[in-house]
Amino acid sequence: MFNRKKYFHYFILGSLLFMSLAVIGCGGSEKKDTANQGQSGELSGSITIAGSTSVQPFSEVLAEEFMTKYPGTEVNVQGGGSSQGVTAVVSKTADIGSVSRELKEEEKAENLKEYTLALDGIAIAVNPANKVEGLTLEQLKNIYLGNITNWSEVGGSDADITLVNREAGSGTRGAFEELVMGEDTISDKAIVQNSTGAVKTIIESDKNAIGYISLAVTDDKVKAVKIEGIEATADNIISGQYKIARPFIYITAEEPRGLAKAFIDYALSDEGQAIVVEEGAISKTLK
Amino acid sequence: MKKNKLSEGLVEILLRISAGASVLAIIIITVFIFYKGIPLIAKVGIIDFLFNLKWVPTNGSFGIGAMVIGSLAVTFCSLVWSVPLGIMTAILMAEIAPPKLADVLARFVELLAGIPSVVYGFFGLIVIVPFIRNHLGGVGLSVLAGAIVLGIMILPTIINISRDAILAIPKEYKENSLALGATHYQSIFRVILPAASSGIITAIVLGLGRAIGETMAVLMVTGNAAVLPDSLLAPVRTMTSNIVLEMGYAAGDHQAALFATGTVLFIFIVILNLAVSISMKAGTENGN
């Protein structure tokens, strides 16, 4: 009896000791130094990209290809949002930030280096069953102001419009507000969703819904309406005819060096741009 | 013997450190939430922050009034149907059902408690929301959808705690009541339920706490428009969804306002916890 108790104590003691050692061990191991470039030009080390969730899927594919091309490198891609991307670069928690809108004045004051990765169109999406084929910017604005509340007012069937909005601070919303709403604010009666996917899900299931999503994720489950008679296509965005478009930007806190520079160079090269195009964005340099 | 004493002491120290770590975590979180949130509340003014209905954080208008009401509305509506249902189920399981059936029911309730909230949300979005849109009108994403999903989610809490409270009532209560000529149902409703009332109130308050703190499922089915809902079918935003919705992109005052929302939520939860300990204390003083 006594013996068993004793062993039990040793067991507890042992496991606690093990746990504390594990904790100490974890605390002791520090993050490896980032962005090393070997003497021979061999790339190694790791970098982190953080920021816009719209740019994230592009960064992920680019990172994957980059890591295959340069074994021994590690590119971590995180989301967080455009503003987070700027914060992360300024606070040095990420080597490269991604932003899916033009930088704000106060952000430009941080002396960031900008590299335009691609252009992205914002599609105005409705349910495929919706009869409306096109809208003018003015009509679109009035829909989002809450002045037009029935589809019959813009040539559709007699049904209330389900307005879908993104959350305050979203890069897509920022771009939409800037490009469509100007100084006016979106009706607060609108449904708010915090991801492109969630917006799409609602438009797919509600035949009276309208929302704005990245052109890159538009597929045949939703219908992108023409704006001012112009279809939302890559050519129309590069030519500047389609009005609701925005840039995807990589930013760094200072002149990029080492791995960060190699990655940005790769992303802007023909090879990188081809990936970007394949993933659905629009390249400035590559058709 | 000496060796034994040494290990005893060592174990005690380690246990103390472990306990201290969890207390420290709570203190750090509390201090952090208040530290981040209070400055903004002070800047906006507590009255304005709590009762102003205008939430345009990118434009400097920080009023969470609509969200406070939204949280309360969704929570209240979910309690309205899940409390009676939960208590009735608890009575069935504790008093009426044969032990085997009660056991099966208990397992189902456990299963219900184990489903992740995002799954409830997804179910709500795919099944309940379209049902409301097609049969009751509106956009489907609504107070009602939130109340239905939340109600299902808090059922296990209400059922389990109410059942335990009923089972804790001494058998003599029921035997005496039956001996005095009361029927089974009279005994349940006139004798057992009143005796178990403090436990049942605890169940309701804990359910309330879970409902008001629930985030993911509510976010997915309520539409999140930051306005006062004018009907059960109107979209609504709760305090929890407000934080999750906008956290990713918020910076500066906007982020502080979300922490401030968290501060308010935290105070709500503390009040609820106090209510639970008071009702539990009342229960023990009643002789349970």
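Residues numbered from 1 in each chain as written. Chains lettered and ligands numbered in written order. Predicted model: local features only at pLDDT ≥ 70, side-chain atom pairs only at ≥ 80, totals over all residues. Heavy atoms only, no water.

### Some remarks on the overall build of chain A
- Broken down by element type, chain A carries ten helices and twelve strands.
- Buried positions account for 47% of the 287 residues belonging to chain A.
- The long-range fraction of contacts in chain A, counting pairs at least 24 apart against all pairs at least 6 apart in sequence, stands at 73%. (Helix = DSSP H or I, 4+ residues; strand = E, 2+ residues; numbered from the N terminus. Buried < 20%, exposed > 50% of the residue type's maximum accessible area, 1.4 Å probe, protein only. Contact = heavy atoms within 4.5 Å.)

### Considerations on the domain arrangement of chain A
Residues and elements named next belong to chain A.
- The domain architecture assigned to chain A consists of domain 1 (45-119 + 247-278) and domain 2 (121-245).
- On a C-alpha basis, the centres of domain 1 and domain 2 stand 28 Å from each other.
- In this complex, domain 1 contributes five residues to the contact, which on the side of domain 2 involves five residues.
- Taken over both partners, the interface formed by domain 1 and domain 2 buries close to 500 Å², and the fraction arising from carbon and sulfur atoms is 57%.
- At the boundary of domain 1 with domain 2, the tally comes to zero salt bridges.
- Linking domain 1 to domain 2 there are zero residue pairs in polar contact (both at pLDDT 80 or more).
- Tallied by class, residues from the side of domain 1 that touches domain 2 come to two nonpolar, three polar and no charged. (Domains from an automatic or database assignment. Buried area = accessible area lost by both parts, 1.4 Å probe. Salt bridge = Lys/Arg side-chain N within 4 Å of Asp/Glu carboxyl O. Polar contact = N/O pair within 3.5 Å; in protein donor to acceptor, adjacent residues only side chain to side chain. Nonpolar A, V, L, I, M, F, W, Y, C, P; charged D, E, K, R; others polar.)

### So, the interface of chain A and chain B
- Listed as interface residues are 31 residues of chain A and, on the opposing side, 31 residues of chain B.
- Linking chain A to chain B there are two salt bridges.
- Its salt-bridge partner being Asp206(A), residue Arg133(B) comes within 3.7 Å of it at the nearest N-O pair.
- The set of elements that each furnish at least two residues to the side of chain A that touches chain B consists of α1 (2-28), α3 (82-90), β7 (162-166), β8 (191-193) and α7 (196-205) of chain A.
- The element best represented in the side of chain A that touches chain B is α1(A), accounting for six residues.
- Across the side of chain A that touches chain B, the residue classes break down as ten nonpolar, 16 polar and five charged.

### Thoughts on the pattern of salt bridges
Residues and elements named next belong to chain A.
- Going through the model one piece at a time under the given rule, you end up with 18 salt bridges over all chains.
- Between Asp120 and Arg246 there is a salt bridge, and its shortest N-O distance comes to 3.1 Å. Of this pair, Asp120 sits in strand β5 (residues 113-126) while Arg246 sits in strand β12 (residues 245-252), and the two are 126 residues apart along the sequence. Of the two residues, Asp120 and Arg246, neither departs from the other in class, the shared state being buried.
- A salt bridge links Lys223 to Glu133; the nearest nitrogen and oxygen atoms lie 3.2 Å apart. Of this pair, Lys223 sits in strand β10 (residues 223-224) while Glu133 sits in the loop between β5 and β6 (134-135), placing them 90 residues apart in sequence.
- The exposure class assigned to Lys223 is buried, which follows from its relative accessible area of 16%.

### Describing unusual backbone geometry
- One non-glycine residue with positive phi stands out, namely Asn111(A), at about 60°.
- Locating Asn111(A) in the fold gives a position in the loop between α4 (105-108) and β5.
- Notably, Asn224(B) is not glycine yet its phi reads approximately 60°, a positive angle.
- Its place among the elements puts Asn224(B) in the loop between α10 (216-221) and α11 (239-247).
- Look at Asn224(B) and you get buried, because its relative accessible area is 0%.

### A few points about the pairing of strand β3 (residues 73-80) of chain A
Residues and elements named next belong to chain A.
- For strand β2 (residues 43-51) and β3, the ladder comprises six bridges, and the chain directions are parallel. By the bridge assignment, Ser46 is partnered in β3 with Glu74.
- The β-α-β motif built from β2, the intervening helix α2 (residues 56-69) and the parallel element β3 has right-handed crossover chirality. (Pairing = 2+ DSSP bridges. Right-handed = clockwise from strand over helix to strand, strands pointing away.)

### Regarding the packing of α2(A) against helix α9 (residues 258-268) of chain A
Residue and element names in this part refer to chain A.
- Running from N to C, α2 and α9 point in directions that differ by 110°, and their axes come no closer than 11 Å. The pairing of α2 with α9 is recorded here as roughly perpendicular in orientation. The element α2 and its partner α9 pack so that their crossing is right-handed. Counted together, Ser59, Leu62, Ala63, Glu65, Phe66 and Lys69 of α2 and Leu259, Ala262, Phe263, Tyr266 and Ala267 of α9 form the full contact between these two elements.
- Among the residues making up the contact of α2 with α9, the classes are represented as eight nonpolar, one polar and two charged. (Axes fitted to C-alpha atoms, helices over the stretch in contact; angles between N-to-C directions. Parallel < 35°, antiparallel > 145°, perpendicular 65-115°, else oblique. Left-handed = near helix turned anticlockwise from the far one by under 90°.)

### Considerations on the environment of Glu175(B)
- The residue Glu175(B) is located in helix α7 (residues 171-179) in this model.
- On a C-alpha basis, the gap between Glu175(B) and Ser187(B) in space is 8.9 Å, while along the polypeptide they are twelve residues apart.

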